[in-house]
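# Residue-level structural notes
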Amino acid sequence: MDITRSSPAPVRVVAVPPEPEPEPADLTALPEPIAVEPLQTLPATTTTATTATTSAITPTATTTTTTTDVPGRRGRPRPRDLLALLRPGQWVKNLAVVPLALLDTHPWGAAAFLRTGWAVLGFTLASALVYVVNDLADRERDRLHPVKRHRPIASGRVSTLAAVVLTGALALALTGWAVAGPAWQWWPTALYLALSLAYSQGLKHVPLVDAFIVATGFVLRLVQGALLIGAQMSEWLALCVFSLCLMLALGKRRHEMTAAGRAHRPALRGYTLAFLDHLVVLVAVLTAVSYVLYLRDDASLAAGASLVTLLSAPCAVFGLARYLQLLLVEEGGGNPVHVLFRDRATLVNAALWAVLVALALLLPQSPA
């Protein structure tokens, strides 16, 4: 019994060790004066130094980013940026459309080719002038586009002043081209410039009108070539060129709508994807029909070339179908030149079509 009574005594000994618990509290209390006083005195200089360094660093970072984004930055633009502003990749349109007037001239001679080259030069200068003017007018809107914001003026690589000077130089060169050429045979180029100016000033914001003006510009290319060569232009060929270029313009707007929405181009508010799909297919059918009618009625084909003409029609239809596939299935069509000249199937089909058409045109003509 004494043993049980003596057991409470060790219990009291066990209860005593909790008393050291305040010691950790004392340890935590000790660092407070040590941690606070040095941090309040010493970092006063370090913080000012760090803030001074950060304030000195941040302006350089902002200036480096803003110099590439501000459009009128000072400095001489690089020749590569000025050339990109002229869009040399788009000059192939003139090489593809203007020489179509040669289809209605026989026999071909050196004078016809020289005049065709002169027409290509004039429309190249005119189209380059239009590209610069449009980029100047759309520089604020292009900065909102995921791709067009990298253009020379929108990105700030070419200043507004340099673009204006380039516009004046192109206008002088185009004036010299018109004066040096045949008298009053430059009116298709002048009409193209007038339509393009009206386009950049507000017609590009009108749905359907914007695409029709672009297609009309390609018909004027054909008219300029035929006028300088002295050939009589076929109405079916003009309709084929118009409908084909209208299809490409509508396809480009469809791609812009799927890539950047309707905010980038105000005219896109008058379109829907379903509406554009129907228009593109309708214009593609018109292109195929007018091409076949041109071959049947107006083309200067060789004797017995009906078989070649029959074989070239499927090539034309395949080319249209391939473009619709790239546009509607693969969501392409943002740059029609890249779509048509970088697709292998399109290139092979175009080469086969060119061989067939050349055979139908170069063989001896049928007697009148």
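Coordinates for the structure precede this section.
Here the structure is a predicted model, which means the values were calculated and not measured.

### Some points on the overall build of the protein chain
A count of helices and strands for the protein chain gives 18 helices and zero strands. Going through the 368 residues of the protein chain one by one, you find that 38% of them count as buried. Sequence-distant contacts, at least 24 apart, represent 75% of the contacts inside the protein chain between residues at least 6 apart. Accessible area for the protein chain stands at about 20600 Å²; split by element, carbon and sulfur atoms hold 71% of it.

### A closer look at the packing of aromatic side chains
Tallying each qualifying case throughout the model produces six aromatic pairs. Plain terms: the ring middles of W118 and W177 are 6.1 Å apart, the flat faces sit at 20° to each other, and that makes the pair stacked. One end of the pair, W118, is in helix α8 (residues 110-137); the other, W177, is in helix α11 (residues 160-180), with 59 residues separating them in the sequence. For W177, a relative accessible area of 5% translates into the label buried. Their ring planes at 50° and their centres at 6.4 Å tell us that Y291 and W353 sit as a pair that is tilted. Here the residue Y291 occupies a position in helix α15 (residues 273-297), and W353 occupies one in helix α18 (residues 344-362), the gap between them amounting to 62 residues. For Y291, a relative accessible area of 9% puts it in the buried group.

Conventions and cut-offs
- Residues numbered from 1 in each chain as written.
- Predicted model: local features only at pLDDT ≥ 70, side-chain atom pairs only at ≥ 80, totals over all residues.
- Heavy atoms only, no water.
- Helix = DSSP H or I, 4+ residues; strand = E, 2+ residues; numbered from the N terminus.
- Buried < 20%, exposed > 50% of the residue type's maximum accessible area, 1.4 Å probe, protein only.
- Contact = heavy atoms within 4.5 Å.
- Areas by Shrake-Rupley, 256 points an atom, 1.4 Å probe, with all protein chains shown as cover.
- Phe/Tyr/Trp six-rings, centres within 6.5 Å; stacked < 30°, edge-to-face > 60°.

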